[in-house]
Amino acid sequence: MKIVALAGGVGGAKLVHGLAQILSPEELTVIVNTGDDFEHYGLYICPDMDTVCYTLAGLANPETGWGRVNETWNVIQNAFRLGGPGWFNLGDQDLGTHLERTRRLREGQTLSQITKDFCRAWGVEHTVLPMSDQPVRTIVETDDGELAFQEYFVHRRCEPRVKGFRFEGAEIAEPAPGAREALQSADAVIICPSNPWVSIDPILKVIPLDHPLLLSGEGRKGEGKSVTAISPIIGGQTVKGPAAKMFNELGIEPSALAVANHYRGLTSGFVLDRVDSQLEERVRGLNMRTLVTNTLMKSHDDRKQLARDVLNFIGVDV
Ligand code: GDP
Ligand code: CA
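The rules behind each value
Residues numbered from 1 in each chain as written. Chains lettered and ligands numbered in written order. Predicted model: local features only at pLDDT ≥ 70, side-chain atom pairs only at ≥ 80, totals over all residues. Heavy atoms only, no water. Donors = N, O, S within 2.8 Å, 3.2 Å for Na, K, Ca; no water. Helix = DSSP H or I, 4+ residues; strand = E, 2+ residues; numbered from the N terminus. Buried < 20%, exposed > 50% of the residue type's maximum accessible area, 1.4 Å probe, protein only. Pairing = 2+ DSSP bridges. Salt bridge = Lys/Arg side-chain N within 4 Å of Asp/Glu carboxyl O. Near = heavy atom within 4 Å. Polar contact = N/O pair within 3.5 Å; in protein donor to acceptor, adjacent residues only side chain to side chain. Areas by Shrake-Rupley, 256 points an atom, 1.4 Å probe, with all protein chains shown as cover. Nonpolar A, V, L, I, M, F, W, Y, C, P; charged D, E, K, R; others polar. Expected span 1.5 Å × (residues − 1). Contact = heavy atoms within 4.5 Å. Axes fitted to C-alpha atoms, helices over the stretch in contact; angles between N-to-C directions. 1 Å grid on protein atoms, 1.4 Å probe; cavity = no way out; pocket = protein on both sides within 12 Å on 5 of 7 lines; lining within 4 Å. Points joined across faces, edges and corners; volume = space filled by probe spheres on them.

Caption draft 1: Focus on the coordination of the calcium ion (ligand 2). Around the calcium ion (ligand 2), the donor atoms from the protein are Asp36 (OD), Asp48 (OD) and Asp48 (OD), and they sit 2.0 to 2.7 Å away. Of this pair, Asp36 sits in the loop between β2 (28–32) and β3 (38–40) while Asp48 sits in helix α2 (residues 47–57); the two residues are 12 residues apart in sequence, bridging distant segments of the chain. The same class applies to Asp36 as to Asp48, namely buried.

What follows is the structure in structure tokens.
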């Protein structure tokens, strides 16, 4: 069974970590959002890619969900003291990643090559691909004008009211080498519990899953390829981050049902939390098979259990 998982940062990384404990490197490919990427202090930073890779490598900071464990902050604090922009924190170990990535990019290497090398160095065996090697930039349209994603997310703490999103460069960006092939040969696609608006939509913009070429592969039981999403919204709220706020500001009541509706026509399966079981029938009404289970991943065991539940749901015996 071959699986492709689409992931953003924190929510995506947790489920991917669970999946990677069950599936072999041949069975799992992860395609990660790069719409959040930006340059800071002259360095090229890939927040979601790094969160996924650090998490798989066991190097992630469990408290923040981003950055490295046992981190120190000497370099950035010295830069702050000299008057450098203070709105984005970068730890010392993390800076090593950005320094070396930026050096290689300037040498002409691609983001996917660099990621592959870094994963090898960190002992990550599963394939992690950026959605594209070309730049795609998520722009948040707000009542305070258009904001680059990190400007909105970190600098402005998601305070401006959201009106919409644009993914600059997505029209011309090619899927990263290997992404198309992985999708073509996959039996099933899992859309992780990531922010639908700013983590998953940019990926889908660059790699439209409903493209006939990608969905042409037959599923294991000859039923076609399944696409299953896990709700990042539990009980009407996000575990972390602005997804629920975004739904609200766009005039949609945030709920697992709203997430299912967002993916309508794309997903054949949908996973919602037990606290949302009353929404199951309505999700089924969107022509999706449903699984109701615990989807809150507090511990490492939770990650693995949710991964197992999702895999069983899509027909993998684990
Ligand atoms: P970001 O790029 O770091 O914001 O990460 P993602 O987009 O991958 O994840 C953010 C989303 O993950 C939020 O909408 C959260 O509600 C969701 N999320 C985080 N932890 C969990 C969890 O344990 N379970 C579920 N179902 N969703 C989660
Ligand atoms: Ca992100």
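Having seen the structure, we can now continue with the description.
Caption draft 2: How the structure looks around the pairing of strand β9 (residues 188–191). Here β9 shows no split at all, with Ala188 and Ile190 on one side and Val189 and Ile191 on the other all buried. Bridge count between strand β1 (residues 3–7) and β9: 4 bridges; the pairing is parallel. If you follow Leu6 over to β9, its bridge partner there is Ile191.

Caption draft 3: Spotlight on the pattern of salt bridges. As enumerated under the stated definition, the model contains 14 salt bridges in all. The partner of Asp117 in a salt bridge is Arg104, with the nearest N and O atoms 2.7 Å apart. You can see Asp117 sitting in helix α5 (residues 111–122) and its partner Arg104 sitting in helix α4 (residues 92–107), a full 13 residues away along the chain. The exposure class of Arg104 is buried, given its relative accessible area of 16%.

Caption draft 4: Just the site of ligand 1, in detail. Close contacts around ligand 1 come from 21 residues, with Ser194, Ser199, Pro232, Thr295 and Met297 the closest. Between ligand 1 and Gly12 there is a distance of 3.0 Å, counted from an oxygen atom to a backbone nitrogen or oxygen. When ligand 1 sits alone it has 590 Å² of accessible area, and the protein chains cover 94% of it. Per element, the largest residue contribution to the shell around ligand 1 is 4 residues, and it comes from helix α1 (residues 10–22). In terms of residue class, the shell around ligand 1 is made up of 8 nonpolar, 10 polar and 3 charged.

Caption draft 5: How the structure looks around unusual backbone geometry. Phi is positive for Arg157, which is not a glycine, with a value near 50°. With a phi angle near 60°, Cys158 is a residue other than glycine that sits in the positive phi range. You can see Cys158 is positioned in the loop between α6 (149–155) and β8 (162–168).

Caption draft 6: Region of interest: α4. Compared with the 22 Å implied by 1.5 Å per residue over 16 residues, the 23 Å span of α4 between its first and last C-alpha is a close match. In the core, the buried residues of α4 are packed alongside β4 (43–45), α2, α3 (74–81) and α5. With its phi angle positive at about 105°, Gly108 sits one or two positions after the end of α4.

Caption draft 7: Representation of the environment of Thr293 within the structure. Within the secondary structure, Thr293 sits in strand β14 (residues 289–293). Judged by relative accessible area, which is 5%, Thr293 ranks as buried. Sequence separation between Thr293 and Leu306 is 13 residues, and the spatial gap between their C-alpha atoms is 7.8 Å.

Caption draft 8: Just the sheet that holds strand β7 (residues 145–148), in detail. Reading across from one edge, β7-β6-β8 is the order of the 3 strands in this open sheet, with antiparallel pairing throughout. Every other strand in the sheet has two partners, leaving β7 and β8 as the edge strands with one partner each. Strand-to-strand twist across the sheet, computed as the mean angle between neighbouring axes with direction ignored, equals 25°. Two elements, strand β6 (residues 137–142) and β7, share 4 bridges in a ladder whose sense is antiparallel. If you follow Thr142 over to β7, its bridge partner there is Gly145. Together, β6 and β8 form the strand contacts of helix α8 (residues 196–206), whose direction differs from that of β8 by roughly 40°.

Caption draft 9: Inspection of empty space enclosed by the protein at higher detail. For the structure on display, the rule yields 1 cavity of 30 Å³ or more. What the largest cavity holds in volume is close to 50 Å³. Around the largest cavity, the lining residues are Met49, Asp50, Cys53, Arg101, Ile114, Thr115, Phe118 and Trp122. When contributions to the lining of the largest cavity are tallied by element, the ones reaching two or more residues are α2 and α5. Considering every element that reaches the lining of the largest cavity, the biggest residue donor is α5, with 4 residues. Here the residues of the lining of the largest cavity sort into 5 nonpolar, 1 polar and 2 charged.

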